[in-house]
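Okay, here's what each chain looks like letter by letter:
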Amino acid sequence: MNVRVLLVIVSCALSVITGLVIARGGVGVTAARQRPLIGLSMDTLKEERWQIDRDLFTAAAQAAGADVLVQSANSNDVVQLQNIESLITQKVDVLVIIPKDAAAMAKGVELAHQAGIPVLSYDRLITGCDLDLYLTFDNVKVGELQAKFLADRIPPSGKLRLIRIYGAKTDNNAKLFKQGQDNILQPLIAAGKVEVMFEDWTEDWKPENAKKITNAAITKIGQNFDAILASNDGTAGGAIQALTEEGLAGKIIVTGQDADLAACQRIAQGTQAMTVYKPIQSIATKAAELALKLARRQPIVARDAVSNGKIDVPSVLLEITSVTKENLRDTVIKDGFRKESDVFP
Ligand code: BGC
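No experiment lies behind these values; they were computed from the predicted model shown.

(A) Inspection of the sheet that holds strand β11 (residues 304-307) at higher detail. With mixed pairing, seven strands are arranged side by side in an open sheet as β2-β1-β3-β4-β5-β12-β11. Each edge of the open sheet is held by one strand with a lone partner, namely β2 (67-72) and β11. Across this sheet, the average inter-strand angle for adjacent strands is 25°, counted without regard to direction. Of the strand pairs in this sheet, strand β4 (residues 119-122) and strand β5 (residues 133-137) are connected by three bridges, and their pairing is parallel. By the bridge assignment for β5, Leu120 is matched with Leu133. Strands in contact with helix α3 (residues 48-63) are β1 (37-42), β2, β3 (94-98), β4 and β5; relative to β1, the strand with the most contacts, it is inclined by about 175°.

Here it is, written out as structure tokens:
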């Protein structure tokens, strides 16, 4: 990004957030109570990563002097809106939302703003609303790393036959992962070096749905494929279960994302080829820091901006790493995210 654009965005972010205090009449934490109260509304706690997000975020916020109320919606939009309403009623100073459905949660942002409460979108973007701040990883790059891994494994004199398993259509991230994958794959597909044999979206990101997609693919194309581009470790796990039933686990290249413990173990054992490590410690700690600033109505410098269809949302994007059997120790284990004894039991 060039410097001029950067400066415009920085000043825009400052004015948006500072403006929010004045425009919405939010008093901020100092006038309301001693310790800021943060509301965390989560889509789900079923996947391993979200439990880690909750624990690290809560610990970081508490260490910084705040209290946190956590609600999980169990993958249900109606429940997530009720959770948000309940957090507003409990007079949180700031809301941190991990939306199940990007569009549906715009209503939650609207309700929060009516109550003078700023909103930070955590990891997943909320679309079509005046969102205050967005903190995430570089999601397009996640998809690029997954596809790049496969591109590097195209047989020299042949092509790579691919099953593509996307995430939940309702999650904006799932679209960004696909966009990143397409950036790498489209030219290779056009050149006849990659052929997509089967593709589908995984409802609610559920592993059992990814298994069904893999079963359906095998029913349709038999064993005529070399790789499964699974968009995260949960879907990779579902796909690998289907492969195991067919005696194909370890013979097919499978991608993933999140560095879930089960995925790291599969990488060590050779049934999954790669994952993308997104340091949850970084996003959770950063989110706690930013949420506190929003709660105190302090200005925030956001170096990026991401369009949510209505506004360019001031955004902070964090770095990610591709993980394979070769660098498991140098990445997730070295970082303390996983223990050597857990990954290589
Ligand atoms: C997150 C991934 C996660 C997926 C399913 C995405 O929005 O970025 O890390 O695996 O949701 O929960």
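Now that the structure has been shown, the text picks up again.
(B) Structural detail: the site of the ligand. Near the ligand lie 13 residues; those nearest to it are Glu47, Asp123, Arg124, Asp171 and Asp258. The side chain of Asn173 places a nitrogen or oxygen atom 3.0 Å from an oxygen atom of the ligand. In this structure, an oxygen atom belonging to the ligand sits 2.9 Å away from a side-chain N or O atom of Lys278. Surface burial for the ligand is 100%, taken as the share of its 310 Å² of free accessible area covered by protein chains. Here the shell around the ligand is composed, by residue class, of three nonpolar, three polar and seven charged. Domain assignment of the residues forming the shell around the ligand places at least three in each of domain 1 (19-131 + 280-318) and domain 2 (139-278 + 322-343).

(C) Up close: helix α7 (residues 172-190). End to end, α7 covers 26 Å across 19 residues, agreeing with the expected 27 Å (1.5 Å per residue, within 8%). Taken as a whole, α7 carries its principal kink of about 40° at Ile184; the proline Pro187 stands between one and four residues after it. Among the residues of α7, those classed as buried are Asn172, Asn173, Ala174, Leu176, Phe177, Gly180, Gln181, Asp182, Leu185 and Leu188. Looking at the packing, one finds that the buried side of α7 touches β5, α6 (139-151), β6 (160-166), β7 (194-201) and β8 (227-230). A positive backbone phi angle near 75° is found at Gly192, which sits one or two residues after α7.

About the cut-offs
- Residues numbered from 1 in each chain as written.
- Predicted model: local features only at pLDDT ≥ 70, side-chain atom pairs only at ≥ 80, totals over all residues.
- Heavy atoms only, no water.
- Pairing = 2+ DSSP bridges.
- Helix = DSSP H or I, 4+ residues; strand = E, 2+ residues; numbered from the N terminus.
- Axes fitted to C-alpha atoms, helices over the stretch in contact; angles between N-to-C directions.
- Contact = heavy atoms within 4.5 Å.
- Near = heavy atom within 4 Å.
- Polar contact = N/O pair within 3.5 Å; in protein donor to acceptor, adjacent residues only side chain to side chain.
- Areas by Shrake-Rupley, 256 points an atom, 1.4 Å probe, with all protein chains shown as cover.
- Nonpolar A, V, L, I, M, F, W, Y, C, P; charged D, E, K, R; others polar.
- Domains from an automatic or database assignment.
- Expected span 1.5 Å × (residues − 1).
- Bend = angle between axes of the 7 residues up to and from the residue.
- Buried < 20%, exposed > 50% of the residue type's maximum accessible area, 1.4 Å probe, protein only.

Nothing here speaks to function; it is geometry throughout.
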